[in-house]
Structure formats: C-alpha cells, structure tokens
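Here are the chains, one letter per residue:
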Amino acid sequence: MRFRVGHEVRFQTIIEAASEQEAIKIAESLPYDEWQHSYLVMEDVIPMDESPVNPQAGG
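Residues numbered from 1 in each chain as written. Predicted model: local features only at pLDDT ≥ 70, side-chain atom pairs only at ≥ 80, totals over all residues. Heavy atoms only, no water.

Caption draft 1: Focus on the overall build of the protein chain. Each helix and strand in the protein chain was counted, giving 1 helix and 2 strands. Scanning the protein chain from its N terminus toward the C terminus, one meets helices and strands in the order β-α-β. Across the protein chain, every contact between residues at least 6 apart in sequence was considered, and the portion connecting residues at least 24 apart equals 75%. For the protein chain, the accessible surface area stands at approximately 5,400 Å², while carbon and sulfur atoms represent 51% of it. (Helix = DSSP H or I, 4+ residues; strand = E, 2+ residues; numbered from the N terminus. Contact = heavy atoms within 4.5 Å. Areas by Shrake-Rupley, 256 points an atom, 1.4 Å probe, with all protein chains shown as cover.)

Here it is in structure tokens:
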C-alpha cells in the first residue's frame, strides 16, 4: 500500500542585524540546514490505494 506523507516544519534562527529588513535579507540568504532550530508542526499521512485489509465499499 502507498501513502503520501507530509511534514510541515518551522525553522527558526537568531540573527544580529541593524534593522528588521536587514534581518529578513540575511535569513533569506541562509540555507535551512544552517538554521539553528527546527520543529515538526504537523504531519499528515494519506493512503493512496485501497487497503487490502479494509477495502472501501464501491471504490
């Protein structure tokens, strides 16, 4: 059986900058794997096929 799995992750980092606009520019240029913190916010698992154990009627 196939499942579509999705993860929504929130990335956070701390940046020293003279202004909010400068902090945004620095953050936009920083790859996510260099950010200091990441948190799983949501996970969803959606079946892509009919289950052989519990098939859907009329599927």
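Caption draft 2: Fine view of a nonpolar patch on the surface. Residues Met-1, Phe-3, Val-5 and Val-45 make up a contiguous nonpolar surface patch of about 390 Å² in total accessible area. Mapped onto the secondary structure, Phe-3 falls in strand 1 (residues 3-12). (Patch = residues over 30% accessible without salt bridge, like charges linked within 9 Å, V, L, I, M, F, W, Y side chains within 5 Å. Salt bridge = Lys/Arg side-chain N within 4 Å of Asp/Glu carboxyl O.)

Caption draft 3: Local environment of the environment of Phe-3. For Phe-3, a relative accessible area of 46% puts it in the partly exposed group. Along the sequence, Phe-3 and Ile-46 sit 43 residues apart, while their C-alpha atoms lie 5.4 Å from each other. The contacts of Phe-3, once residues within four sequence positions are left out, are Val-45, Ile-46, Pro-47 and Met-48. (Buried < 20%, exposed > 50% of the residue type's maximum accessible area, 1.4 Å probe, protein only.)

That is the geometry; function is a separate question.
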